[in-house]
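# Survey of secondary and tertiary structure
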Amino acid sequence: MALEHALLVALSERPASGLELTRRFERSLGFFWHATHQQVYRVLARMESDGWVTVEVVEQDGRPDKRVHTPSAEGRRALAEWLATPMPMETFRSELAVKLRGASYGDRATLTRHLVETRADHAARLAHYEQMERDQFPDPTTLDEPALDQWLVLRGGIRLERFWIDWITEYLQAHHTSPTREASA
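Residues numbered from 1 in each chain as written. Predicted model: local features only at pLDDT ≥ 70, side-chain atom pairs only at ≥ 80, totals over all residues. Heavy atoms only, no water.

For the rest of this paragraph, the subject is the nonpolar core. The biggest cluster of nonpolar side chains holds 17 residues, and the ones touching the most others in it are L3, L7, L21 and F25. Mapped by element, the contributors of at least two residues to this core are α1 (3-13), α2 (18-27) and α3 (37-49). If one sorts the elements of this core by residue count, α1 sits on top with six residues. Not counting residues up to four positions away in its chain, the partners in contact with L21 are L7, A10, L11, A16, V40 and L44. (Core = buried A, V, L, I, M, F, W, Y, C linked by side-chain atoms within 4.5 Å. Buried < 20%, exposed > 50% of the residue type's maximum accessible area, 1.4 Å probe, protein only. Helix = DSSP H or I, 4+ residues; strand = E, 2+ residues; numbered from the N terminus. Contact = heavy atoms within 4.5 Å.)

Right, here's the structure in full:
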C-alpha cells in the first residue's frame, strides 16, 4: 500500500485540504498508517499532477487560500483497482518479539521496565480507541457502509491493543513481574 491509497480513502470519506488531512491522520488513519505533514503535502501534489485528485481553491479572509482535494474519476478508478488487488499475507516484524526472545542474554530488569512502560502505552491507546468507539459509534447497528467500515477498522485496533497488552502481561507474569509497576533493577 502506498500513502496515495490511504489519502484516496480519506478523501473519499470527505474532501479536505492538506492541513485537514494531516489532522485527520493524527486522529484516525495515523494509528495504522503514519504520514508526516510534509509527506501528505508532497503526495497530494503528486496525486494532483497524476490526475488522481481535483483541487478547488477556497478563498479565506485573512488567511491563505485553502486547496480542497477531491478524488477525480482517475483517482476513484485507481482506488478501486487497488482495493480489488489481492493482499499478501501481513508479515509480523516486531522488535519487541526479538527482545523478548533475547532477554536471557542481556539486562532483563531494564527490558522489564521498558515492557511495563510499553504496556502502559498500549493501555492508553486502548482507552483512547474505546472512547472513540463510544463517542463515534454508539450504535453500530445503525451505521451506513462507510461508517461500518470505519467502526470495524477501529474494532481491529482495539483487538490489536488488547493483544499487545495480553502478550506483554503474560511475559511479565511469567517472569514474576507486576505488569502495572516497574520491576526492581
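Following the structure, the description resumes.
The next point concerns α1. Taking burial as the measure, the eleven residues of α1 include eight buried ones, the bulk of the element. When α1 is considered as a whole, its buried residues turn out to be L3, E4, H5, A6, L7, L8, A10 and L11. Elements in contact with the buried residues of α1: α2, α3, β1 (53-58), β2 (66-71) and α4 (73-84).

Below, the discussion takes up a negative patch on the surface. Residues E13, D144, E145 and D149 make up a contiguous surface patch of negative charge. Relative to the helices and strands, D144 resides in the loop between α6 (108-136) and α7 (145-174). A relative accessible area of 48% means that D144 is categorised as partly exposed. (Patch = residues over 30% accessible without salt bridge, like charges linked within 9 Å, V, L, I, M, F, W, Y side chains within 5 Å. Areas by Shrake-Rupley, 256 points an atom, 1.4 Å probe, with all protein chains shown as cover. Salt bridge = Lys/Arg side-chain N within 4 Å of Asp/Glu carboxyl O. Lys, Arg positive; Asp, Glu negative; His and termini not counted. Charge placed at Lys NZ, Arg CZ, Asp CG, Glu CD.)

Here W82 shows up in helix α4. Look at W82 and you get partly exposed, because its relative accessible area is 27%.

Let us now look at the side chain of S72. Following the sequence through the fold, S72 ends up in the loop between β2 and α4. Judged by relative accessible area, which is 9%, S72 ranks as buried.

Glancing now at the pattern of salt bridges. Applying the stated rule across the entire model yields eight salt bridges. Of the charged contacts, one joins E20 and K66 as a salt bridge, the two residues approaching to 3.1 Å between their closest N and O atoms. On the criterion of sequence distance, the pair formed by E20 in helix α2 and K66 in strand β2 is long-range, its members being 46 residues apart. Look at E20 and you get partly exposed, because its relative accessible area is 30%. The salt bridge involving R67 is made with E48; its shortest N-O contact spans 2.3 Å. Here R67, found in strand β2, pairs with E48, found in helix α3; they are 19 residues apart in sequence, far enough to count as distant. Judged by its relative accessible area of 31%, E48 falls in the partly exposed class.

What follows is about a nonpolar patch on the surface. Taken together, the side chains of F92, L160 and F163 make up a nonpolar region of the molecular surface, amounting to roughly 320 Å² of accessible area. Inspection of the secondary structure puts L160 in helix α7.

Let us look at the environment of K66. Its relative accessible area of 23% is what places K66 among the partly exposed residues. For the pair K66 and V53, spaced 13 residues apart in sequence, the C-alpha separation works out to 15 Å. When neighbours within four sequence positions are excluded, K66 is seen to be in contact with S17, E20, E56, V57, V58 and Q60. In this structure the side chain of K66 is engaged in a polar contact, spanning 3.1 Å, whose partner is the side chain of E20. (Polar contact = N/O pair within 3.5 Å; in protein donor to acceptor, adjacent residues only side chain to side chain.)

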